[in-house]
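Structural overview for review
The lines below spell out each chain.
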Amino acid sequence: MATISLCMIVKNEEEVLGRCLDSAAGLVDEVVIVDTGSTDGTKGVALSYTDRVYDFPWTDDFAAARNFAFSKGRMDYLMWLDADDVLLPEDRAAFLTLKDSLEPDVDVVMMPYHSGLDGEGRPTYTCFRERVVRNLGRDLWEGAVHEAISPFGRVIWSQAAVTHRKEGPGDPDRNLRIYESKLARGEAFSPRERFYYARELMDHRRYADGARELEGFLARGGGWVEDEIEACRLLSQCRQSLGDSSGALQALLDSFRYDDPRAEICCALGAWFQGREVWRRAIFWYELALGLPRDDRRGGFVQPDCYGFLPCIQLCVCWDRLGRRAEAEAWNRRAGGYKPDDPCYQWNAAYFQAQG
């Protein structure tokens, strides 16, 4: 059986670190924890789980810290988690199955990362991440922020997911600060860094700056196709926030230059027309979204609701506005099949019932 080192970097995570490590207990053969400057009781929590706790001076470089943590792993494979991540019971079972069956020539295991959840704990935002990698004895991580490992060799895909359960705001300005420090030093951004810098600008409601960076990212080329498609969706949001409605529409349409339509883009197009009460064109895009296959293995960000619940609930609204109650009610029932406890579905059901 393959052996796995869990290698983590932490800072001021005393509230959540134990929860994370408890969820991984019995799954890995070694735990390595690298503290990057905690001022709370994080190191004490870490030491209650492992004696392999190290200090690493923080240098505004996540890849450097993660590479240091990986350098301390002694097992066949290296795994990473953030302190506010957990493996849920069903994912623990799937992980054990993965570990038992992991063939010796596998280099990278991609696993789902559920980074957004609804009120019932269902994923609303998910992507695959390189979660377990062969221990090659060399640096693998790249990127000061939103660091990543480029998949190599034989890659397999597992359904054992990691769920992100963030507690508290953290430092919302940290990533933007790191990017802008790099700019101030005259350091050139890779396409991936420019994409994520634009996202940070958006998160800080600097929409004009975000739009400029996204436009530059798309114009320069060289980016990953999934990032290019997502950049079009984000650029649309920036332009809409800046009052450029036509530009917002064009950004969504431009995504078709890069690959086949994604349901996320089609739902955004549906919303654009729905917001202007052009109901039949909105219906076209929502129905198209429902007919598109969901393929998480492309590696991009996925919004699961766009492949089911969201277009159904919006089709209910559109048909109702057209005075077609039977169609509207049918779409609401279909939405309820995805999320029977969703308040929008329940409100609609009460609305139709009240009409008699």
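Below, the structure is looked at part by part. (Residues numbered from 1 in each chain as written. Predicted model: local features only at pLDDT ≥ 70, side-chain atom pairs only at ≥ 80, totals over all residues. Heavy atoms only, no water.)

**What to know about the packing of aromatic side chains**
The relative placement of two aromatic rings is captured by the distance of their centres and the angle of their planes. Under the counting rule described, the total for this entry stands at 18 aromatic pairs. In this arrangement the basic side chain of Arg66 is found over the ring face of Trp141, its NZ or CZ atom lying 5.4 Å from the centre. Sitting above the plane of the Phe309 ring, Lys339 keeps its charged end 5.2 Å from the centroid. (Phe/Tyr/Trp six-rings, centres within 6.5 Å; stacked < 30°, edge-to-face > 60°. Lys NZ or Arg CZ within 6 Å of the ring centre and 35° of its normal.)

**Quick notes on the side chain of Arg239**
Here Arg239 is to be found in helix α8 (residues 225–241). Those residues in contact with Arg239 that sit more than four places away from it in its chain are Glu215, Asp244, Gly247, Ala248 and Ala251. (Helix = DSSP H or I, 4+ residues; strand = E, 2+ residues; numbered from the N terminus. Contact = heavy atoms within 4.5 Å.)

**Describing unusual backbone geometry**
One can expect most non-glycine residues to show negative phi and most peptide bonds to be in trans. One non-glycine residue, Asp60, lies in positive phi territory at about 60°. Among the secondary structure elements, Asp60 is positioned in the loop between β3 (53–55) and α3 (62–71). A positive phi is found at Glu277, a non-glycine position, where the angle reads about 60°. Tracing the backbone shows Glu277 in the loop between α10 (263–274) and α11 (279–291). When its relative accessible area of 56% is taken as the criterion, Glu277 is described as exposed. (Buried < 20%, exposed > 50% of the residue type's maximum accessible area, 1.4 Å probe, protein only.)

**Thoughts on the packing of helix α6 (residues 191–203) against helix α7 (residues 207–220)**
Viewed as axis vectors pointing N to C, α6 and α7 meet at an angle of 160°, and their least axial separation amounts to 8 Å. On the basis of the axis angle, α6 is roughly antiparallel to α7. Of the two elements, α6 crosses α7, and the hand of that crossing is left-handed. Contacts from Pro191, Arg194, Phe195, Tyr197, Ala198, Leu201 and Met202 of α6 reach α7 at Tyr207, Asp209, Gly210, Glu213, Leu214, Gly216, Phe217 and Arg220. (Axes fitted to C-alpha atoms, helices over the stretch in contact; angles between N-to-C directions. Parallel < 35°, antiparallel > 145°, perpendicular 65-115°, else oblique. Left-handed = near helix turned anticlockwise from the far one by under 90°.)

**A closer look at the pairing of strand β2 (residues 30–35)**
Counting buried residues in β2 gives six out of six residues, a clear majority hidden from the surface. Both faces of β2 are covered, namely the face carrying Glu30, Val32 and Val34 and the face carrying Val31, Ile33 and Asp35. Looking at chain direction, strand β1 (residues 4–10) and β2 are connected through six bridges and run parallel. Paired with Ile9 across the two strands is Val34, which belongs to β2. For the crossover that starts at β1, traverses helix α1 (residues 17–24) and ends in the parallel β2, the hand is right-handed. Here β2 pairs with β3 via three bridges, running parallel. Bridged to Asp35 within β3 is Asp55. Following the chain from β2 across helix α2 (residues 42–47) to the adjacent parallel β3, one finds a crossover that is right-handed. (Pairing = 2+ DSSP bridges. Right-handed = clockwise from strand over helix to strand, strands pointing away.)

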